[in-house]
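What the coordinates show
So you can see what is in the structure, the chains are spelled out below.
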Amino acid sequence: MSYDISVELQLRLYGTMLRIRIFEERVVDLLEANEIKCPTHLYIGQEAIAAGVCVALRQDDYIFGTHRSHGHYLAKGGDMKQMMAELFGKRTGCSKGRGGSMHLVAPEVGLLSTAPLVSGTIPIAVGAALASKLRAEDRVSVVFFGDGVVDEGVFYESMNFAALKKLAVIFVCENNFFATHLHISERRVRDNIVKISDIYGMPGVRVDGNNAVEVYYAADRAIARARGGAGPTLLECRTYRWRGHVGPKWDLDVGLRRKQELPKWLAKDPIVRLKKHLLEDGAVSLEELKRLSADIEQEVEESITKARQASRPKEEELMDYVFRENKGQESHLAQD
Amino acid sequence: MHRISYAEAIREAFVQLLSRDPRVFVIGQGVWSPWYVGTSMEDLDKEFGKDRVIDTPVSENGTTGVAIGAAIAGMRPIVVHPRMDFMLLAVDQIVNEAANWHYMCGGQVNVPIVIRPIINRGGEQAAQHSQALHAWFMHVPGIKVVMPSTPYDAKGLLCAAVEDENPVMYIDDRWLYEEIGDVSEELYSIPIGKGVLRREGKDVTVVAISYMAREAVRAAKLLEESGISTEVVDLRSLKPLDTELVLQSVSKTGRLVVADGGWKTCGATAEIAALVAEKAFVHLKAPIERVALPDCPAPMSAPLEKAYYRKAKQIVAAVEKVLS
């Protein structure tokens, strides 16, 4: 692994990952205390991917996510307090208590929502890229998804269309080897997701998804290519989710494989790896990293306090947002 | 005003919408073909370029998702499905994503997309080239459904659908393409959710949808010869439904026939009958009659088609029944 990017960038990657980790570790507590009740899919262990890709993006680039998108939301710059409030089902949540953990939105930083149905956001991300092309903008559109998506037909429809029209999309597969409970070896004949790109004549890059710097490099190249009008790229980032499919449990009862595999992946913690490098390199002191961690902990605690204090949606607000009222106003991202 | 056909009115709306608003684009199977979508989109690609009038691979779900994504990112796409049957591949994107998106985002992001499935039936096309499934989409919150029956409405509702901030399903029927009517030359929109009285009457109300509205007017003319005064309500929009217009008319006549070109069970006629039973029961002088397709797949052979499809004749019979 090569670390020849600036210390500042490495620290941004590290800080982004740590912020996701600390946030989610506290979400684990809140789930166990039954303070958060909505279905919550944890990203712990996969943080290098959201960090590596989003640090390489511009704020006005679009991203789309899945049910496991706390990391994408934070990495792209979504407001932590609003996400915490959403998990609590409060009116101040990013989705006003209509979405929960699976429907996170932050249009001000290009996150046009996450959605849990497997492959649902794939063509939508391609469509956002088509919008950029029609407006002659150089915005890039990124879609994060799990390895389960490659089992769905619409993934291939979307890859084909994106390649055909040379759209600025990056398909970021977070291959954590599980679609809910089922291991990839029980779903596919070969472990070759990255090769799907060949069929559509687009680059496919397999990277260590537990190495934020490596993800950053690959994403940066793919983004530059897309922005330049050369079309889409498929990134296969190999990683592992530490916790179960949903909720804070470890899912060790899911076949024998997880019991064998998990300890190996815990040893490849992306945050510990980058921390070790930063310290060994003398780029930063342990004190500085501790201070960073303490600051994030405080930020998370504040988000919890705010979420607890916020009010719940009122019953009479049930029908709000079914339709947007037509007042002659234009879509929030509309061009004049 | 000029007198043009229903298909020409749709094409005129496309031309004017594409000319007026750079956010509007068209995407769907067959839009570069001179025959695939009838004459309603002929040569649009030559006029506006293949970047804005996009023919697609055979990927209904992907294509619809692409259009949804573009709408989310601020464009005004019109996605075309040359047969409503083919659109069923895209129901996941339409229902799970487009219809729910604005709500599940707490109103932060809207989906101003127009989805245009075309109903094309008859001519021995059989079961997979004939289906009229508009009732499915009435059922789903978050999506509007319009079904114009005249050239004037065909143009005005397409414009309203594009201007709407929400997903709108615009459903046209090729049985109406040759209808001729007066259409304003300039672009105009007709409010979504407003029906219209095609004919005033006092003895019975016929609430009708799409081509059955035309058939209802024909039926009313025949009934007039027997001295029966029929009021015809053309709904134009199925969602939102113009409940006020329906209830007003039924309150006046006390008798209701509902006529629709879809299936009967859980169809549009069922919803309208239930509405009247709930809100205007006291005004009813007779049981409600429904004219809809039998619960049978669309057949092929001509005599079976004749037995299957409903026209003015069945509406006349239903009116006579509620008056007997």
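The numbers attached to residues start from 1 for each chain and follow its sequence in the written order. For this description, chains carry letters from A and ligands carry numbers from 1, given in the order in which they are written. Selection of residues for local features in this predicted model requires a pLDDT of at least 70, selection of side-chain atom pairs for listing and counting requires 80 or more, and totals for whole chains, interfaces and linings are taken over all residues.

**Observations concerning the overall build of chain B**
Within chain B, the secondary structure is distributed over 12 helices and 15 strands. In this setup the radius of gyration rests on C-alpha atoms only. A globule is expected at 2.2 Å times the number of residues raised to 0.38. Taken over the C-alpha trace, chain B has a radius of gyration of 19 Å; the compact-globule value for 324 residues is 20 Å, and the two agree within 12%. Taken along the three principal axes of its C-alpha coordinates, chain B extends 60 × 45 × 40 Å. Any residue with 12 or fewer other C-beta atoms within 10 Å of its own C-beta is exposed, any with 20 or more is buried, and the rest are partly exposed; the C-beta atoms used are placed from the backbone. With 324 residues in all, chain B has 57% of them scored as buried. In this description, a residue-residue contact is defined by the distance between C-beta atoms placed from the backbone, which must lie within 7 Å. At a minimum sequence separation of 6, the contacts of chain B that also span at least 24 residues come to 80%. Labels follow the DSSP assignment, with helices taken as runs of H or I lasting at least four residues and strands as runs of E lasting at least two, numbered in each case from the N terminus.

**Let's talk about the packing of helix 1 (residues 6–20) of chain B against helix 7 (residues 151–163) of chain B**
Residue and element names in this part refer to chain B. Each axis is a line fitted through C-alpha atoms, taken for helices only over the stretch in contact, and angles between the N-to-C directions span 0 to 180 degrees. Remark: helix 1 packs on helix 7, axes separated minimally by 7 Å, with the N-to-C direction vectors making an angle of 30 degrees. Taken together, helix 1 and helix 7 sit at an angle that is classed as roughly parallel. Judged by the twist between their axes, the crossing of helix 1 over helix 7 is right-handed. Residues Tyr6, Ala9, Ile10, Glu12, Ala13 and Leu17 of helix 1 pack against Pro151, Ala154, Lys155, Leu158, Cys159 and Val162 of helix 7. Amino acids are sorted into nonpolar (Ala, Val, Leu, Ile, Met, Phe, Trp, Tyr, Cys and Pro), charged (Asp, Glu, Lys and Arg) and polar (every other residue, Gly among them). Here the residues of the contact of helix 1 with helix 7 sort into 10 nonpolar, no polar and two charged. Note on terminology: angles under 35 degrees are roughly parallel, angles over 145 are roughly antiparallel, angles of 65 to 115 are roughly perpendicular, and the others are oblique. Here a crossing is called left-handed whenever its near helix is offset anticlockwise from the far helix by less than a right angle, and right-handed whenever the offset is clockwise.

**With respect to the sheet that holds strand 12 (residues 230–234) of chain B**
Residue and element names in this part refer to chain B. One open sheet holds the five strands; their spatial order is 10-12-11-14-15, and the pairing between them is mixed. Every other strand in the sheet has two partners, leaving strand 10 (196–199) and strand 15 (289–293) as the edge strands with one partner each. For this sheet, the mean angle separating the axes of adjacent strands, direction not counted, is 25 degrees. Sheet topology places strand 11 (residues 204–208) next to strand 12; five bridges connect them, and they run parallel. The partner of Val206 across the bridge, within strand 12, is Val232. Running at roughly 170 degrees to strand 12, helix 8 (residues 211–225) makes contact with strand 10, strand 11, strand 12 and strand 14 (256–263) of the sheet. Any two strands with at least two DSSP-identified bridges between them are counted as paired.

**Examining the interface of chain B and chain A**
If you look at the interface, chain B gives 36 residues, while chain A gives 37 residues. Contributing elements (two or more residues each) for the side of chain B that touches chain A: helix 3 (60–72) and helix 5 (91–104) of chain B. Along the lines of polarity and charge, the residues of the side of chain B that touches chain A split into 16 nonpolar, 15 polar and five charged.

**Re the sheet that holds strand 3 (residues 141–146) of chain A**
Residues and elements named next belong to chain A. What the six strands build is an open sheet, ordered 2-1-3-4-8-7; its pairing is parallel. In the strand order of this sheet, the two ends are held by strand 2 (111–114) and strand 7 (204–208), each with one partner. Taken over all neighbouring pairs, the strand axes of this sheet differ in orientation by 15 degrees on average, direction set aside. When strand 7 meets strand 8 (residues 233–238), the two strands line up parallel, connected through five bridges. Residue pairing in the sheet places Val205 in a bridge with Leu235 of strand 8.

**Thoughts on the domain arrangement of chain B**
Residue and element names in this part refer to chain B. What counts as a domain boundary in this text is fixed by an automatic or database domain assignment. What the domain assignment lists for chain B is domain 1 (2–183) and domain 2 (196–323). The distance between the C-alpha centroids of domain 1 and domain 2 comes to 26 Å. Taken residue by residue, the interface counts 24 residues in domain 1 and 24 residues in domain 2. Residue composition of the side of domain 1 that touches domain 2, by class: 13 nonpolar, five polar and six charged.

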